[in-house]
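# Coordinates in review
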Amino acid sequence: MSKKLLFKVLVALCFVAVAVVWLLSALNMSWLIAIFAFALAALFIIYGFASKTVGVAKKLYIVFGGALAVAGVFALIGSFMDKENVARLVLPIIAIAVTVVVLLCILAVGGKK
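Scope of this entry: the structure provided in the associated data block. Since we're looking at a predicted model, the values are computed, not measured.

### Section: a nonpolar patch on the surface
- Together, Leu 5, Leu 6, Val 9, Leu 10 and Leu 13 make up an exposed nonpolar region whose accessible area comes to about 400 Å².
- For Leu 5, the position within the fold is in helix H1 (residues 3-24).

See the structure below:
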């Protein structure tokens, strides 16, 4: 099975898993969003590292995976904390995520543009 097909199948399975859990209502909605975002983020980041595309496409996959990871962190924090404390944590989380994503992009393309 090719990497592209495997990636598409895994993304589709993530959507199916979220739909089934949502139907069963076993988890809180913010937990469900966080799990879904983390799973897709991991898939996109791994695909960015494993793909044999040009550097720009690799960086795009990794940046999109990083954005999904940030969305998952926000959903997870939103389920634990009240609204006043969440606002205080938003900018540090974004700063950490941006630096990690930039580092991953540099590692993925080997320092090339």
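The discussion continues.
### What about the packing of helix H2 (residues 29-50) against helix H3 (residues 55-80)?
- At a minimum axis distance of 7 Å, the contact between H2 and H3 shows a crossing angle of 160 degrees. Taken as axis vectors, H2 and H3 run roughly antiparallel relative to one another. Two packed elements cross with a definite hand, and for H2 against H3 that hand is left-handed.
- Across the contact of H2 with H3, the residue classes tally to 21 nonpolar, six polar and one charged.

### Quick word on the environment of Lys 58
- Looking at where Lys 58 falls in the secondary structure, it is placed in helix H3.
- A relative accessible area of 13% means that Lys 58 is categorised as buried.
- A sequence separation of 12 residues divides Lys 58 from Ile 46, and the C-alpha atoms of the two residues are 9.9 Å apart.
- Filtering out sequence-adjacent residues up to four positions away, Lys 58 remains in contact with Gly 48, Phe 49, Ser 51, Thr 53, Ala 108 and Val 109.

Criteria and cut-off values
Residues numbered from 1 in each chain as written. Predicted model: local features only at pLDDT ≥ 70, side-chain atom pairs only at ≥ 80, totals over all residues. Heavy atoms only, no water. Patch = residues over 30% accessible without salt bridge, like charges linked within 9 Å, V, L, I, M, F, W, Y side chains within 5 Å. Areas by Shrake-Rupley, 256 points an atom, 1.4 Å probe, with all protein chains shown as cover. Salt bridge = Lys/Arg side-chain N within 4 Å of Asp/Glu carboxyl O. Helix = DSSP H or I, 4+ residues; strand = E, 2+ residues; numbered from the N terminus. Axes fitted to C-alpha atoms, helices over the stretch in contact; angles between N-to-C directions. Parallel < 35°, antiparallel > 145°, perpendicular 65-115°, else oblique. Left-handed = near helix turned anticlockwise from the far one by under 90°. Nonpolar A, V, L, I, M, F, W, Y, C, P; charged D, E, K, R; others polar. Buried < 20%, exposed > 50% of the residue type's maximum accessible area, 1.4 Å probe, protein only. Contact = heavy atoms within 4.5 Å.

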